[in-house]
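Read off the chains here:
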Amino acid sequence: MFITQLIQGVIAQKQAEQAPKPARTITATPLRLAQGSRLNIQPMGLLLANGQGSIFRNVTLDNHQVVAVGTFGLFNTVRYYHVYLSGLEGGYLALAVNNANKLIESRLYRLYTEVNPTSIEEWKFWLVEGQRNVSDDDGYIGKLYANSLDEDGPVEYTRDWGGNAPRMDPLTPIEVLVDINGGQTRLHHRLMQYSRPLSGDNKIAEHLRVSAMAENSTDPSGVTFWVGIDVDPGEIQVFPATDAPAFP
Amino acid sequence: MSNSGFLASMFARQMGDIGDKLTNAYAAQHADVAIQVEVENARKKANDLASRVSQEMTAMQTATTKVTELQARLSRAKQAGKQAKAAVDAAGDDAAQREVAQGMLQTCFKAMTEIGGTDAPYDGSVAGTLFEAKEAVKKQGENLAFWQGEHHKAVDEATHMEERVLHAAEVLARAKQEQQNAEEQRRQVEADANLLKKGGAHVGLDAMEAAAKDAQQKATAARLQTDAVRGASGSPTNADAVFDKLLAKPAPDAHAAAMDAFSNL
């Protein structure tokens, strides 16, 4: 009897081990940087930017694991992939592809600062959509220029989109974020992007992103700044996760 | 697929002198079908080679782009390496900072030597992935030139074949016309020969022969009459003299003399 039960137990355990495991949710990502992949980023981009006075610094470049991937589209022509890294809290590798799935942008963003407006007036400073009695000083997100923090000096960035209009409405993509465990979050952005050249030939630049974000809600909970530099995709050493799919 | 393999599959048919093939007995017996098949094959061959040229041009563009990208990365590695060296120098006694800077320096150096070669000036002229990429561009250029040449030959061949087809069609058309003409002539000759067989050509001669026979019979009747007359008298009579004169070529007034002679008997 005991032997019979023992054998049955072993058989049951074997069957459990051989049972197919549920597939995890995984995002096909450029460079096979899906959830769970590992990567090192070579320092050339960082060194060149810092050599030109970039405020992008204090960033770990090696031994990252992809802990989440967020995706969204802009302008019906560009698809963005935010690859969140284990050693870069709040930051991400931003990859953009066009409709032909060609990689057209590769940037590393680090978290720069966060602001948590607590009143309607404070929110007016950042966003004017749907607001009353706004002034010219209001609606920071979408103005032609944005600035660094005072501690980094009066560094001014120019808006990437919308030409020279004094202000444009922020873009409102919804970033669908899937983490390494398959959990999903919807980040509602009110977003604008800015840049400044670092070198005279414009080959080295620094970028600033500002977004009033909300998780799984349409009401933003705070304003986040990221500062970023361009990274050559050839300078990203990827160790794909075993089930990381090839990017079409 | 290697160049020879592609050629083998393309040229599985025996290639010969297409123009001669068109004018031989096979083409003459199945002219329309043979011509159409040959021209279509030639066009297909030229089109297939055009596709191959297009593939090789795309490969050439890819190879050239790779060289450009590697040159840009090499330049970045060199510039970044200079920055890293400056960071190492600036670290001074700060061990942690120095270690970070040295790590970056090593990474830049590794990238530079990997792309540009292990020896100065690290420019990819003799070794490194940049050198290999440049060699790949050269090789691809040779491939492209080869297939462009094959394509040009195929286009020329297809063009000449069409010209030969047109020429052969003209030759065939002339031959047909000549054959028709000869046939008509033969029919005409036959028709002419049939006319001759029905006697149409002897009408005049027969008439002459009949007239000659008639004249001979009349002459014989006259002699018999003369003999009869001569026999009754036993001697030539005036009638004999007259009959001899009649059988002879009569003088124009002989008739009158004869009439007179008989009227006097």
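Residues numbered from 1 in each chain as written. Chains lettered and ligands numbered in written order. Predicted model: local features only at pLDDT ≥ 70, side-chain atom pairs only at ≥ 80, totals over all residues. Heavy atoms only, no water.

(A) Broad picture of the interface of chain A and chain B. At the junction of the two partners, chain A supplies twelve residues and chain B supplies eleven residues. Taking both sides of the interface into account, the surface hidden between chain A and chain B amounts to around 1100 Å²; carbon and sulfur atoms contribute 70%. The three residues of chain A that bury the most area against chain B are A:Met44, A:Leu47 and A:Leu48, which together make up 50% of that side's buried surface. Counting every contact that joins chain A to chain B gives one salt bridge. A salt bridge links B:Arg76 to A:Glu235, with the shortest nitrogen-to-oxygen separation between them at 2.9 Å. For the pair chain A and chain B, the number of links is two residue pairs in polar contact (both at pLDDT 80 or more). Looking at which element gives the most residues to the side of chain A that touches chain B, the answer is helix α2 (residues 44-51) of chain A, with six residues. Its residues assigned to classes, the side of chain A that touches chain B comprises five nonpolar, four polar and three charged. (Contact = heavy atoms within 4.5 Å. Buried area = accessible area lost by both parts, 1.4 Å probe. Salt bridge = Lys/Arg side-chain N within 4 Å of Asp/Glu carboxyl O. Polar contact = N/O pair within 3.5 Å; in protein donor to acceptor, adjacent residues only side chain to side chain. Helix = DSSP H or I, 4+ residues; strand = E, 2+ residues; numbered from the N terminus. Nonpolar A, V, L, I, M, F, W, Y, C, P; charged D, E, K, R; others polar.)

(B) Main features of the nonpolar core. Residues and elements named next belong to chain A. Formed by 69 residues in total, the largest nonpolar core has its most connected members in Leu108 and Leu208. The contact partners of Leu208, leaving out residues within four places of it in the chain, are Tyr112, Ala146, Asn147, Tyr157, Met192, Gln193, Tyr194, Phe225, Trp226 and Val227. One finds Ala94, Tyr109, Leu177 and Met213 within the second-largest nonpolar core, a separate group that totals nine residues. (Core = buried A, V, L, I, M, F, W, Y, C linked by side-chain atoms within 4.5 Å. Buried < 20%, exposed > 50% of the residue type's maximum accessible area, 1.4 Å probe, protein only.)

(C) Layout of the pairing of strand β8 (residues 174-179) of chain A. All names here are of chain A. Looking at chain direction, strand β2 (residues 64-74) and β8 are connected through four bridges and run antiparallel. What sits directly across from Thr71, in β8, is Val176. Two strands pair when backbone bridges link them, and β8 and strand β9 (residues 184-197) are joined in this way by five bridges, in the antiparallel orientation. Bridge pairing in β9 links Val178 to Gln184. Where β8 folds back onto β9 in an antiparallel hairpin, the turn is made up of four residues, including Gly182, whose phi is positive at roughly 90°. (Pairing = 2+ DSSP bridges.)

(D) Representation of unusual backbone geometry in the model. In the segment running from B:Ala120 into B:Pro121, the intervening peptide bond is cis, with an omega of 0°. Mapping B:Pro121 onto the fold places it in the loop between α5 (95-116) and α6 (129-197). Phi at A:Asn202 takes a positive value of approximately 60°, unusual for a residue other than glycine. Mapped onto the elements, A:Asn202 comes out in the loop between β9 and β10 (205-215). Overall, A:Asn202 belongs to the exposed group, its relative accessible area being 54%. Even without being a glycine, B:Tyr122 presents a positive backbone phi close to 55°.

(E) Inspection of the packing of aromatic side chains at higher detail. In the structure shown here, the tally under the stated rule is 13 aromatic pairs over all chains. Among the aromatic side chains, those forming a connected cluster through ring pairs are A:Tyr84, A:Tyr92, A:Tyr109 and A:Trp226. (Phe/Tyr/Trp six-rings, centres within 6.5 Å; stacked < 30°, edge-to-face > 60°.)

(F) Spatial organisation of the pattern of salt bridges. All names here are of chain B. Summed over the entire model, instances satisfying the criterion amount to 18 salt bridges over all chains. Linking Glu56 and Arg52 is a salt bridge whose minimum nitrogen-to-oxygen distance equals 2.9 Å. One end of the pair, Glu56, and the other, Arg52, are both in helix α4 (residues 31-91), four residues apart, so they sit about a helical turn from each other. For the pair shown, Glu56 and Arg52 are each scored as buried. With a closest N to O distance of 3.1 Å, Glu150 and Lys153 form a salt bridge. Residue Glu150 and its partner Lys153 are located together in helix α6, separated by three residues, close to a single helical turn. Look at Glu150 and you get buried, because its relative accessible area is 13%. Through salt bridges that share partners, Glu183, Arg186, Arg187 and Glu190 make up one connected network.

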